[in-house]
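Coordinates in review
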Amino acid sequence: MARWRGLVVWTVALLAAVCSGEYCSSYVDSIGDLQPGVDCPSSYCCGTCDSRYCCSSPSSRLNQTACPPGEKCKAFTDATMSHYPARECGSGEYCCGACVYRYCCSYSSLRLDQSDCLGSLTISDVAGIVAGLVIFLAVVSVLVWFVRARRRVTTMVHTGPIMTSTTGLIGSQVTSSFPYSQPSSPPPAYEPPPYSK
């Protein structure tokens, strides 16, 4: 009796599986349009990964688990510099949104063309860019400083230094050199012409 009981349970389970049919999940067809999933009552999901239909032939049955999942949303960095890793969308889903905010959806009208995005910058990429800019600005600053210093030296060589003497607070004589031209000595004081008698 127990033997018959086990056979009946297996037979009912097999009939329930066959009678209930399969579900053909949604998929993206060969031209890129999302096709909705359909129930296949008392039949199988057949065809290929990008062209699915219901059929009654078990030999034409499609192994849907072997089909690739939906699109892949590539990794991205949002406007606050937070990094998000890549993620696989479900079967028949697209990567939607914007370059700085990506998510999976089933609407082809919201599909994001990820080739238009500049790519995903990680924190180390941003740090490398900033370091490169700092080095570039440092090199340019040093070059500008050298050019200006050379101009000063060239000007001094051609015109010569101007020496002036001043008396310090203690009374010692101090001599200094100025690269810029100094005013000439003051004009002599006005002397009236000699007085004639």
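Residues numbered from 1 in each chain as written. Predicted model: local features only at pLDDT ≥ 70, side-chain atom pairs only at ≥ 80, totals over all residues. Heavy atoms only, no water.

Side note on the side chain of R52
Note the following rule: Elements are defined by DSSP. Helices are runs of H or I of four residues or more, strands are runs of E of two residues or more, and each kind is numbered from the N terminus. Each residue's exposure class comes from its accessible area (1.4 Å probe, protein chains only) as a fraction of the maximum for that residue type: buried when under 20%, exposed when over 50%, partly exposed otherwise. Positive charge is attributed to Lys and Arg, negative charge to Asp and Glu, and no charge count is given to His or to the chain ends. The salt bridge criterion pairs a side-chain nitrogen of Lys or Arg with a carboxyl oxygen of Asp or Glu, the two atoms within 4 Å. For the purposes of these results, a polar contact is taken to be a pair of N or O atoms within 3.5 Å, where, inside protein, one atom must be able to donate a hydrogen and its partner to accept one; residues adjacent in sequence count only when each atom of the pair is a side-chain atom.
Within the secondary structure, R52 is located in strand 6 (residues 51-55). Salt bridges are absent for the buried R52, whose nearest opposite-charge side chain, D50, sits at 7.6 Å. Within the structure, the side chain of R52 is placed 3.1 Å from the backbone oxygen of C49, a separation counted as a polar contact.

Some words on the state of the cysteines
Worth spelling out the cut-off: Note that a disulfide, as used here, is simply two cysteine sulfur atoms within 2.5 Å.
Across all of its chains, the model carries eight disulfides by this definition. Put simply, C89 and C104 are joined by a disulfide, and their sulfur atoms are 2.1 Å apart. Of note, the bridge from C89 to C104 carries an S-S torsion of about -80 degrees and is left-handed in sense. A residue pair is termed long-range when its members are at least 10 positions apart, and C89 in the loop between strand 10 (87-88) and strand 11 (94-98) and C104 in strand 12 (residues 101-105) qualify at 15 residues. Here C89 and C104 have matching classes, each one buried. Through a disulfide, C96 is tied to C105; the S-S separation comes to 1.8 Å. Across the disulfide from C96 to C105, rotation about the S-S bond amounts to roughly -60 degrees, and the bridge is consequently left-handed. There is no split in this pair, since C96 and C105 are both buried.

Quick word on the confidence of the model for the protein
The condition is simple: A residue's pLDDT is the confidence the predictor assigns to it, expressed on a 0 to 100 scale. What makes two residues a contact is simply this: any of their non-hydrogen atoms within 4.5 Å.
Here the protein shows a mean pLDDT of 74. Residues at 70 or above account for 67%. Put simply, helix 1 (residues 2-20) is where the protein has its lowest mean pLDDT, 49, and strand 5 (residues 44-48) is where it has its highest, 91. A low-confidence stretch, residues 8-18 stays under pLDDT 50, and its non-local contacts, those more than four residues away or across chains, total one contact.

Details of a nonpolar patch on the surface
Here is the rule we go by: A patch consists of residues whose relative accessible area exceeds 30% and which take part in no salt bridge; residues with like charges are grouped when within 9 Å of each other, and nonpolar side chains (Val, Leu, Ile, Met, Phe, Trp, Tyr) when within 5 Å. Each accessible area is a Shrake-Rupley result for a 1.4 Å probe, and residues are judged covered by the shown protein chains and nothing else.
On the surface, F136, L137, V140 and V144 cluster together into a nonpolar patch covering about 360 Å² of accessible area. Along the polypeptide, V140 turns up in helix 2 (residues 123-159).

Thoughts on the pairing of strand 12
Rules: Pairing between strands is defined by DSSP: at least two bridges between them are needed.
In this sheet, strand 12 lies alongside strand 11 in antiparallel orientation, the contact comprising five bridges. Bridge pairing links C96 to Y103 in strand 12. Hairpin connection, strand 11 to strand 12: the antiparallel pair is bridged by two residues.

What to know about unusual backbone geometry
A negative phi holds for most residues other than glycine; trans holds for most peptide bonds. Unusually for a residue other than glycine, S42 sits at a positive phi of about 55 degrees. By the secondary structure assignment, S42 is in the loop between strand 4 (38-40) and strand 5. For S42, a relative accessible area of 53% corresponds to the exposed category. In this structure, M81 takes a positive phi of about 65 degrees despite not being glycine. The topology assignment puts M81 in the loop between strand 8 (76-77) and strand 9 (83-84). Of the residues examined, M81 reaches a relative accessible area of 38% and is grouped as partly exposed.

Comments concerning the packing of aromatic side chains
Our working definition: Between 30 and 60 degrees the pair is tilted, below 30 it is stacked and above 60 it is edge-to-face, where a pair is any two Phe, Tyr or Trp rings, Trp via its six-membered ring, whose centres lie within 6.5 Å.
Per the counting criterion, the structure on display carries three aromatic pairs. Each ring, one from F76 and one from Y84, has its centre 5.0 Å from the other, and the planes form 20 degrees; the classification is stacked. In this structure F76 comes out as buried when scored by relative accessible area, which is 5%. With centroids separated by 5.6 Å and ring planes inclined at 45 degrees, the aromatic side chains of Y101 and Y103 adopt a geometry described as tilted.

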